[in-house]
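Here is what each chain is made of, one letter per residue.
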There are 4 protein chains.
Amino acid sequence: MPQSSDVRTSSREMKREKILRAAIEVFAKRGYFSSRMTDVAHRANVADGTLYLYFDGKEDLLQSIFDHVLTLFIERVQDEVEVVEDPVEKLRLLIRRHLELLGGDPALAQVLQIEIRHSRRFLALATRGKLGEYLNLIRGIIEEGQSLGRFRHDISAGLATQMVFGSVDELVMSWVLQDSAVELESKADPLMALLTDGLVPR
Amino acid sequence: MPQSSDVRTSSREMKREKILRAAIEVFAKRGYFSSRMTDVAHRANVADGTLYLYFDGKEDLLQSIFDHVLTLFIERVQDEVEVVEDPVEKLRLLIRRHLELLGGDPALAQVLQIEIRHSRRFLALATRGKLGEYLNLIRGIIEEGQSLGRFRHDISAGLATQMVFGSVDELVMSWVLQDSAVELESKADPLMALLTDGLVPR
Amino acid sequence: MPQSSDVRTSSREMKREKILRAAIEVFAKRGYFSSRMTDVAHRANVADGTLYLYFDGKEDLLQSIFDHVLTLFIERVQDEVEVVEDPVEKLRLLIRRHLELLGGDPALAQVLQIEIRHSRRFLALATRGKLGEYLNLIRGIIEEGQSLGRFRHDISAGLATQMVFGSVDELVMSWVLQDSAVELESKADPLMALLTDGLVPR
Amino acid sequence: MPQSSDVRTSSREMKREKILRAAIEVFAKRGYFSSRMTDVAHRANVADGTLYLYFDGKEDLLQSIFDHVLTLFIERVQDEVEVVEDPVEKLRLLIRRHLELLGGDPALAQVLQIEIRHSRRFLALATRGKLGEYLNLIRGIIEEGQSLGRFRHDISAGLATQMVFGSVDELVMSWVLQDSAVELESKADPLMALLTDGLVPR
DNA sequence: AATGAATGAGGTTTCATTCAT
DNA sequence: GATGAATGAAACCTCATTCAT
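**Looking at the overall build of chain A**
Working step 1: What chain A contains, in helices and strands, is 10 helices and 0 strands.
Working step 2: What you see in chain A, going N to C, is helices and strands ordered as α-α-α-α-α-α-α-α-α-α.
Working step 3: For chain A, the C-alpha atoms occupy an extent of roughly 65 × 40 × 30 Å along the three principal directions.
Working step 4: Long-range pairs, those at least 24 residues apart, make up 69% of the contacts in chain A with a sequence separation of at least 6.
Working step 5: Carbon and sulfur atoms provide 50% of the accessible area of chain A, an area that totals close to 9300 Å².

**A closer look at the interface of chain C and chain D**
Working step 1: Facing 47 residues of chain C, the contacting portion of chain D comprises 47 residues.
Working step 2: Taken together, the two surfaces of chain C and chain D that pack against each other cover about 4500 Å², and 64% of this comes from carbon and sulfur.
Working step 3: Across the chain C-chain D interface, the total number found is 0 salt bridges.
Working step 4: Between the two partners, chain C and chain D, sit 3 residue pairs in polar contact (both at pLDDT 80 or more).
Working step 5: At 13 residues, the largest contribution of residues to the side of chain C that touches chain D is made by helix α9 (residues 157-177) of chain C.

**Things to note about the relation of the copies chain C and chain D**
Working step 1: Taken as rigid bodies, chain C and chain D are interconverted by a rotation of 180 degrees and an axial shift of 0.0 Å, the fit giving an RMSD of 0.2 Å. A rotation of that kind, with that shift, is consistent with a two-fold axis. Across chain C, the rotation axis passes nearest the C-alpha of C:Gly198, at a separation of 1.8 Å.

**Looking at the relation of the copies chain B and chain A**
Working step 1: In the superposition of chain B on chain A (RMSD 0.1 Å, axial shift 0.1 Å), the rotation amounts to 180 degrees.
Working step 2: Looking at chain B, 98% of its interface residues are interface residues in chain A too, so the copies touch through the same face.

**Thoughts on the protein's contact with DNA strand F**
Working step 1: By nearness alone, 31 residues border DNA strand F, and A:Met37, B:Thr50, C:Met37, D:Lys15 and D:Thr50 come closest of all.
Working step 2: In DNA strand F, atoms within 4 Å of the protein come 70% from sugar and phosphate.
Working step 3: The contact in question runs from a phosphate oxygen of DNA strand F to an N or O atom on the side chain of D:Lys15, over 2.5 Å.
Working step 4: Between a phosphate oxygen of DNA strand F and a main-chain N or O atom of D:Ala47, the distance comes to 2.9 Å.
Working step 5: Elements with a minimum of two residues in the surface near DNA strand F: α3 (48-54) of chain A, α3 (48-54) of chain B, α3 (48-54) of chain C together with α3 (48-54) of chain D.

**Looking at helix α6 (residues 106-115) of chain A**
Working step 1: Across the 10 residues of α6(A), 9 count as buried, placing the element largely inside the fold.
Working step 2: Within α6(A), burial applies to A:Ala107, A:Leu108, A:Ala109, A:Gln110, A:Val111, A:Leu112, A:Gln113, A:Ile114 and A:Glu115.

**Focus on helix α2 (residues 37-44) of chain B**
Working step 1: Regarding α2(B), the residues found buried are B:Met37, B:Asp39, B:Val40, B:Ala41 and B:Ala44.
Working step 2: Positive phi shows up at B:Asn45, right after α2(B), with a value of about 60 degrees.

**Quick look at the packing of helix α4 (residues 58-82) of chain D against helix α5 (residues 87-103) of chain D**
All names here are of chain D.
Working step 1: It is the contact of α4 with α5, at a shortest axis distance of 10 Å, that shows an interaxial angle of 150 degrees. Taken as axis vectors, α4 and α5 run roughly antiparallel relative to one another. The way α4 lies across α5 gives a crossing that is right-handed. For the pair α4 and α5, the contacting residues are Val69, Phe73, Arg76, Val77, Glu80 and Val81 in the first and Lys90, Leu93, Leu94, Arg97, His98, Glu100 and Leu101 in the second.

**Thoughts on the pattern of salt bridges**
Residue and element names in this part refer to chain A.
Working step 1: Inspection of the entire model under this criterion finds 61 salt bridges over all chains.
Working step 2: Asp189 is the salt-bridge partner of Arg96, the closest N and O atoms lying 3.1 Å from each other. Of this pair, Arg96 sits in helix α5 (residues 87-103) while Asp189 sits in helix α10 (residues 188-197), and the two are 93 residues apart along the sequence.
Working step 3: Asp189 sits in the partly exposed class, given a relative accessible area of 37%.
Working step 4: Three or more residues joined by partner-sharing salt bridges are found here, namely Arg21, Glu25, Arg43 and Asp105.

**Things to note about the interface of chain B and chain A**
Working step 1: With 47 residues of chain B at the interface, the matching set in chain A holds 46 residues.
Working step 2: Together, the buried faces of chain B and chain A total about 4500 Å²; carbon and sulfur atoms form 64% of this surface.
Working step 3: Along the contact surface separating chain B from chain A lie 0 salt bridges.
Working step 4: Across the contact surface, chain B and chain A share 3 residue pairs in polar contact (both at pLDDT 80 or more).
Working step 5: Where the side of chain B that touches chain A is concerned, the elements lending two or more residues are α1 (5-30), α6 (106-115), α7 (120-128), α9 (157-177) and α10 (188-197) of chain B.
Working step 6: No other element matches α9(B), which puts 13 residues into the side of chain B that touches chain A.

**Digging into the domain arrangement of chain A**
Residues and elements named next belong to chain A.
Working step 1: Taken domain by domain, chain A holds domain 1 (1-55) and domain 2 (59-197).
Working step 2: One C-alpha centre belongs to domain 1, the other to domain 2, and the line joining them spans 27 Å.
Working step 3: In this assembly, 15 residues from domain 1 lie in contact with 14 residues from domain 2.
Working step 4: When domain 1 packs against domain 2, close to 1300 Å² is buried across both sides, 75% of that on carbon and sulfur atoms.

**Notes on the protein's contact with DNA strand E**
Working step 1: Inspection of the region around DNA strand E gives 30 residues, with A:Lys15, A:Thr50, B:Met37, C:Thr50 and D:Met37 positioned closest.
Working step 2: Considering DNA strand E, the proportion of its atoms within 4 Å of the protein that are sugar or phosphate atoms stands at 68%.
Working step 3: C:Gly49 is positioned with one of its backbone polar atoms (N or O) 3.1 Å from a base nitrogen of DNA strand E.
Working step 4: Residue D:Lys58 places a main-chain N or O atom 3.0 Å away from a phosphate oxygen belonging to DNA strand E.
Working step 5: Elements represented by at least two residues in the surface near DNA strand E include exactly α3 of chain A, α3 of chain B, α3 of chain C together with α3 of chain D.
Working step 6: Looking at side-chain class alone, the surface near DNA strand E contains 12 nonpolar, 10 polar and 8 charged residues.

**Some points on the packing of aromatic side chains**
Working step 1: Taken as a whole and judged by the stated rule, the model has 18 aromatic pairs over all chains.
Working step 2: Where B:Phe27 meets B:Tyr32, the ring centres are 5.1 Å apart and the plane angle is 80 degrees; that geometry is what we call edge-to-face. Taken individually, B:Phe27 and B:Tyr32 each receive the classification buried, so the pair is uniform in this respect.
Working step 3: Here the aromatic rings of D:Tyr134 and D:Phe165 are separated by 6.2 Å at their centres, their planes lie at 80 degrees, and the arrangement is edge-to-face. Highlighted residues: D:Tyr134 in helix α8 (residues 130-147) and D:Phe165 in helix α9 (residues 157-177), separated in sequence by 31 residues.
Working step 4: A relative accessible area of 2% places D:Tyr134 in the buried class.
Working step 5: Connected via pairs of aromatic rings, a cluster forms that spans A:Phe27, A:Tyr32, A:Phe33, B:Phe27, B:Tyr32 and B:Phe33.
Working step 6: We note A:Lys58 situated over the ring of A:Tyr32; from NZ or CZ to the ring centre the distance is 4.8 Å.

**Points about the arrangement of the chains**
Working step 1: A minimum C-alpha distance of 14 Å separates chain A and chain C, which share no contact.
Working step 2: Chain C makes no contact with chain B, the minimum C-alpha separation between the two being 22 Å.

**Focus: the packing of α5(A) against α10(A)**
Residues and elements named next belong to chain A.
Working step 1: Taken N-terminus to C-terminus, the directions of α5 and α10 make an angle of 140 degrees; their axes are 10 Å apart at the nearest point. Accordingly, the angle class assigned to the pair α5 and α10 is oblique. Seen from above, α5 lies across α10 with right-handed handedness. Contacts between α5 and α10 pair Val88, Leu91, Arg92, Ile95, Arg96 and Leu99 from the former with Ala188, Asp189, Leu191, Met192, Leu195 and Thr196 from the latter.
Working step 2: Broken down by class, the residue content of the contact of α5 with α10 amounts to 8 nonpolar, 1 polar and 3 charged.

About the thresholds
Residues numbered from 1 in each chain as written. Chains lettered and ligands numbered in written order. Predicted model: local features only at pLDDT ≥ 70, side-chain atom pairs only at ≥ 80, totals over all residues. Heavy atoms only, no water. Helix = DSSP H or I, 4+ residues; strand = E, 2+ residues; numbered from the N terminus. Contact = heavy atoms within 4.5 Å. Areas by Shrake-Rupley, 256 points an atom, 1.4 Å probe, with all protein chains shown as cover. Buried area = accessible area lost by both parts, 1.4 Å probe. Salt bridge = Lys/Arg side-chain N within 4 Å of Asp/Glu carboxyl O. Polar contact = N/O pair within 3.5 Å; in protein donor to acceptor, adjacent residues only side chain to side chain. Least-squares fit on C-alpha atoms with pLDDT ≥ 70 in both. Near = heavy atom within 4 Å. Buried < 20%, exposed > 50% of the residue type's maximum accessible area, 1.4 Å probe, protein only. Axes fitted to C-alpha atoms, helices over the stretch in contact; angles between N-to-C directions. Parallel < 35°, antiparallel > 145°, perpendicular 65-115°, else oblique. Left-handed = near helix turned anticlockwise from the far one by under 90°. Domains from an automatic or database assignment. Nonpolar A, V, L, I, M, F, W, Y, C, P; charged D, E, K, R; others polar. Phe/Tyr/Trp six-rings, centres within 6.5 Å; stacked < 30°, edge-to-face > 60°. Lys NZ or Arg CZ within 6 Å of the ring centre and 35° of its normal.

Rendered as structure tokens:
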């Protein structure tokens, strides 16, 4: 007798996530190109062929890590910033959550910072997809801040978005590449201060 | 009778650069992993085996693009900023040259932004190598600015360096991925303004 | 439902032997170094990659021919000589079987005499492995014969072993190289006579 | 002004031998197939291309080692056995010289026993060439011995030749593969005794 | 749905040989 | 005669994916 659709869906979803998690760990450890599908299957405790019942292939697996993680993250951050009034504090919160997410999961950070950035096509798609959503979230906060007078009017919101995202991203990148020992989260406030007040003394 | 060492060196160096240029163009067009050594050889007008007289292999070719370009760039920027007094103007010049270099050579930009960032090992090495030199150049300007009172004292020079490099890098990245039509150089001054004055109105 | 272990093992073993046989024939025809793995795969009616599910590579394929054939041969000869009383007759039987095996399978003879003897490392390993077992079998017969008074005491069993094996081996070698037309087996008795009685008339 | 033909020839011959010696050592150390022509050139202190002024290629180099060494050896042994009366002593002398030659030059032994035996074509040619000459020399001694009553009449001279050569060859082979420490020459008399008197006590 | 044995395309690299100097 | 930089053919092996069970 078939299980109820809900249970089946949930069971299917759980196996999907088990595979995704396995892929994150394998990709982080050996790198995307050096990882073999069979490694992912082994770590997920499923047969090689089973991967293809849940994903379209290796590339889709990488893409799905990105989408899955970013979807959850964006949803959560969106919920959290909604209840904050001050756009400056919204931005601070977003940056803090960004650094917490990756600072707390080095394997994920490795995959998102390094492994995923290997093909123009992939990155282009990402930018128009989930990453685009994230950039829009940042941009929305900045534009809201501009209309409320909390951020300067005389700047391009797009450029400011790039500066914010680029700074955070670079912070994570250098943490992944060198000093995973320090706490990434502790950089949130100093970076925020730099972003809001600039390099030049007032 | 052998040619003079100078002539030989120069001839050898010219062929090396011919191959490097061919590699940049091939890698930019088809992506590093999809590019075949034979494509590079064809474009450089040499035999396949000749590549291996000048480089240790495909990976070394990629690495050498990075080193070669960055070496020339760092030398040039170092010379130019030396004759500028104001650290703020030094930073502006560096950012402008960075954006000019890549804005003027989309193939090179593609390779440096995307293709080269495919392996943890590679990036880690790069950071301690030529890229580290570049980051030190930026950091030097910022520290000089701090001691001259042109940049705030109450910030970490390292963090500021990451913000500066991250912002520029993100700018180039988004240009490579989306809107190669606009002039990258035109973003230098607005970005500089953001970096110096911050997001919040004074 | 998986097949019983026996059936699977046997099916796997059969495919292994099919590949080994294909390798013997291909190696015999074109020589080990000129043979391509794809030739072996074609003759075995499997895909190229399948070879690597059963063997570690080309070298392992060659080694495995040696081990497989010698294992079967030694087992068989050991069983047969066991039921013979006279050590002289034991030796005669061993020599006859040796010549029959290779005389009846020119491709195998070609591989064992020629193709397999291409690397010091390989031969050294072989000597300590299966070939060593075979030499020990010969030596055992000679030592038994000495203790029974059927072979002279005043000779080194090791040297005698080398003389016996060397003579047979040379016989096969010259047959492989020149006159595959004659019946190799017919040389067993004359050689045996020479070995037992020596060159000098009594 | 050109040198006299004799001097030139001799100079050319000396360089040829220098290359042959280099090849023997390189082939012995790394194996024929793993040796590169450039290694031989380096060891002989000549340019890569120069090898081809003296030899037709890699295979010819191997063949030439064989021919050169065997030519000298056969000449010498022929001269020496000529002045010996007793065919039994002639054979003993030949065996002793054979073992001395290789026992005194492990690199040469390695090449002649192992590296040279890699292709049917090569060995077939060898057998009809210089090796054939050597086998004929042995056969001549045996036939002479038969006609003088020193060797049994009721044996095939061909078969006896194979037994003699095979025994010696196997002796050298096992020395090359395992116990280069012992003195190969010391095996000459015991082997001779076995060959003449046989395995069975009189 | 799950399995895992089989597939087979595809590319980097080596190295014997050549030939312009 | 000697050089050695350049050539380019050739093949082992990997591994993402499929599909019969």
